[in-house]
Every structure is written in C-alpha cells, then in structure tokens.
Amino acid sequence: MTSLNELLNLSLEETTQEIIAEYIWIGGSGTDLRSKARTLPKPVSDPKLLPKWNYDGSSTGQAPGEDSEVILYPQAIFRDPFRRGNNILVICDAYTPQGVPIPTNKRAAAAEVFATKEVAEEETWYGLEQEYTLLQKEVKWPLGWPVGGYPGPQGPYYCGTGADKAWGRDIVNAHYKACLYAGIQISGINGEVMPGQWEFQVGPSKGIAAADQLWAARYILERITEIAGVVLSLDPKPIEGDWNGAGCHTNYSTKSMREEGGYEVIKKAIEKLGLRHREHIASYGEGNERRLTGKHETADMNTFSWGVANRGASVRVGRDTEKDGKGYFEDRRPASNMDPYVVTGMIAYTTILWSPEEQK
C-alpha cells in the first residue's frame, strides 16, 4: 500500500511538464507569512513570466469584506526545497485591483529607492543577520528550557556544542541546506548567546534582492519548524531579564565605501544615520524598546552612537574596515522582526539620497 511519504515525494517530471508554484506574501500584521499553491503548465525561471494571482484580503487583515480582492505580483523565484524538482517558491507583493500597493506592501517603496539613478550607481550590498528563537509548541517557552524554569546563565551557549548547550541544531542545519538548495545567498549559521536562540546570515546580496531572500529564508524556516512541531519567534526580547534579545543586524556598503578612501564615505554615511536616528528607530521593528536598553550588546535606543569593534554602539565599524580604509559598517539597531524592505530601503535612502538640508 502506498504511504503518505511516497505520495509527497512523487517526481512530477516523470509524467508531466507541469510544476507547482507556491506564491508567498506578507500578511496583515506585517510579519506573518501566507502562501498558496497553483499549477503552471511548464517550468518558469523569470518572475515577469509568472501570472498575477489574487487572494481574500479580508481573511488576512488587508482588505474589507465588501471589497476583499488583493492582487499578488510575482517578484522573485526560488527553488522549492520541499517539493523539489522544477517546483518553485515565489515571493510576491500585494496590490489593489487598481494597481496601488496596499499599506502592508513595503516592497514597492523600497523598489522605488533602489531604482533611482543615484542608488543604482552605488551598487548597495547588504548582509542581514537574522536572529530568532525556537519555542516549545505547547508552552511557548524556549526549546530546551525546563517548563516554567530557566537554564544556567548565559555564557556557554554562544556557538556552543553539546546536549546541554545547543537545542534545535537539526532544525537549524535543515534550514541552512534548504536555503542553499533554494538559491538563497545564506552565508552562515551560529548558536546565539541565549540558549534556544540561533542566527543565520543572508548576503552579501545586492539591493532589494537581499530583502527578497530574507523573506524567502524566513518562509522556509517557518515551514521547517512547522514540520518539527516547534514555534518560530522573531520577538526582539522573547524572555525578560538577564537574557539577550534578538536583532537583525544589517551590514551595509556602497561602491564608494568599498573603494579607496571609502572610510571617509562611511563616516559621512554614519553621521547622516545619526541625524535621522529617531526616524530609523521608529521603522526598525515592533517591541525594539524592550531590546535596545544599553545592555546585552545593545545601545540605548534614545541615543545614537558608533564605534570601531563596539558591539554596544548603534553602528559598529569593523577593525578590518578601519585598517583598510574602506569596507562596510553594521547597523545594530534593527529588531529581529524588522521588515527588510523597510530597513534596506531606508538605509540606502538616508545614506545616498537624503540631505541634512531636508531636516531644516
């Protein structure tokens, strides 16, 4: 008798050219991911060749019931690590039937920034460090922690090994390989300071592709934790007290920063970020005030600071960048639940397009 797993692993290529495309979009909360699948007549590698689709926005908190149709525009394609073969994952953004981006569509505004001549010429690169926490499904308490209790204090868990230090490694490694299979530029993983918390990095990736890839990686992680019966949390401070929070540190450079004399360009860019600190903090994720306290490798959210190799600053410059006189910097302020379209677009806008004269 055929098993469920055998049916799930059927190879479509043996009998048909048709493929399955999983359309993925961001839901009404701005952080939840939704998806549904459709059959396409043959393999597709260019999102421009994919058909638009629609969904019931009244069921995702994105449209009223009397006018509920929201249109999905395909924007990026990745190989599907779950169905495999020629099947694909499709990152989409959402519009009204009239072609207007809905309020939760932050990609459209970012795309406008990256399409400007000034930003395009600077060839912006991003490296996104996504921290996250794995929770026990029934009790919403970190994986490996005693229910209602706490493990030993922080210290042995960061990049730790052993059954008493690293919990959830199979999920993390499955996600790593699945992202590589999908074509995401995932560059590494590590255990974090708080036990049950992990990190993966996406990049260096160019422009808006970095944000597309991070959303795709988040979706894949949600699916893997679903299979494992574990809950994924992007809360920036999942456990109160003497425990590290979770961020999404954003590494950034422009062509001018990577060339000779780039360190001066970096310092001018950081100065501009400082002048717009309040605007950036307001857009860097919900609940970030619980994380950016000046403790646990963070800067106080009310004060902007930067320094070389300083993980307690708002912005950190690496020793190699200082030594070489060129390179990149790290914005340490974004929360783990930040929208990468907002953050990448905002950093590019502030450092390249914005002038301090606009603040006067």
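Residues numbered from 1 in each chain as written. Predicted model: local features only at pLDDT ≥ 70, side-chain atom pairs only at ≥ 80, totals over all residues. Heavy atoms only, no water.

Q: Honestly, the packing of aromatic side chains in this entry has me stumped. Any pointers?
A: Pairs of aromatic rings are described using the distance from one ring centre to the other and the angle between the two planes. Tallying each qualifying case throughout the model produces 13 aromatic pairs. A ring pair is formed by Y73 and Y95, whose centres lie 3.9 Å apart and whose planes are at 25°; its orientation type is stacked. Here the residue Y73 occupies a position in strand β4 (residues 69-79), and Y95 occupies one in strand β5 (residues 88-95), the gap between them amounting to 22 residues. In this structure Y95 comes out as buried when scored by relative accessible area, which is 10%. An angle of 45° between the planes, with centres 4.7 Å apart, marks the rings of W145 and W243 as tilted. One end of the pair, W145, is in the loop between β6 (125-136) and α4 (169-182); the other, W243, is in the loop between β9 (230-233) and β10 (248-253), and 98 residues separate them in sequence. A residue is classified by how much of its surface remains accessible, and W243, at 8% relative accessible area, is buried. (Phe/Tyr/Trp six-rings, centres within 6.5 Å; stacked < 30°, edge-to-face > 60°. Helix = DSSP H or I, 4+ residues; strand = E, 2+ residues; numbered from the N terminus. Buried < 20%, exposed > 50% of the residue type's maximum accessible area, 1.4 Å probe, protein only.)

Q: Looking at this structure, how should I read helix α10 (residues 340-353)?
A: Working note: α-helix, 3.6 residues per turn, so residues spaced by three or four point in the same direction. The terminal C-alpha atoms of α10 lie 18 Å apart, and with 14 residues this matches the ideal 20 Å at 1.5 Å per residue to within 8%. Listed as buried for α10 are P340, Y341, V343, T344, G345, M346, I347, A348, T350, T351 and I352. Its side-chain oxygen at 2.9 Å from the backbone nitrogen of Y341, D339 defines the N-terminal cap of α10. (Expected span 1.5 Å × (residues − 1). Polar contact = N/O pair within 3.5 Å; in protein donor to acceptor, adjacent residues only side chain to side chain.)

Q: How do you make sense of unusual backbone geometry when you look at a structure like this?
A: For residues that are not glycine, phi is negative in most cases, and the peptide bond is trans in most cases. The residue after G203, namely P204, is reached through a cis peptide bond having omega 5°. The topology assignment puts P204 in strand β8 (residues 197-206). Unlike most non-glycine residues, C159 shows phi in positive territory, near 55°. Looking at the element boundaries, C159 is found in the loop between β6 and α4. Under the relative-accessibility criterion, C159 is labelled partly exposed at 43%. One non-glycine residue with positive phi stands out, namely E297, at about 65°. You can see E297 is positioned in the loop between α8 (277-282) and β11 (306-308). We classify E297 as partly exposed; its relative accessible area is 39%.

None of the figures reported here should be taken as evidence of function without further support.
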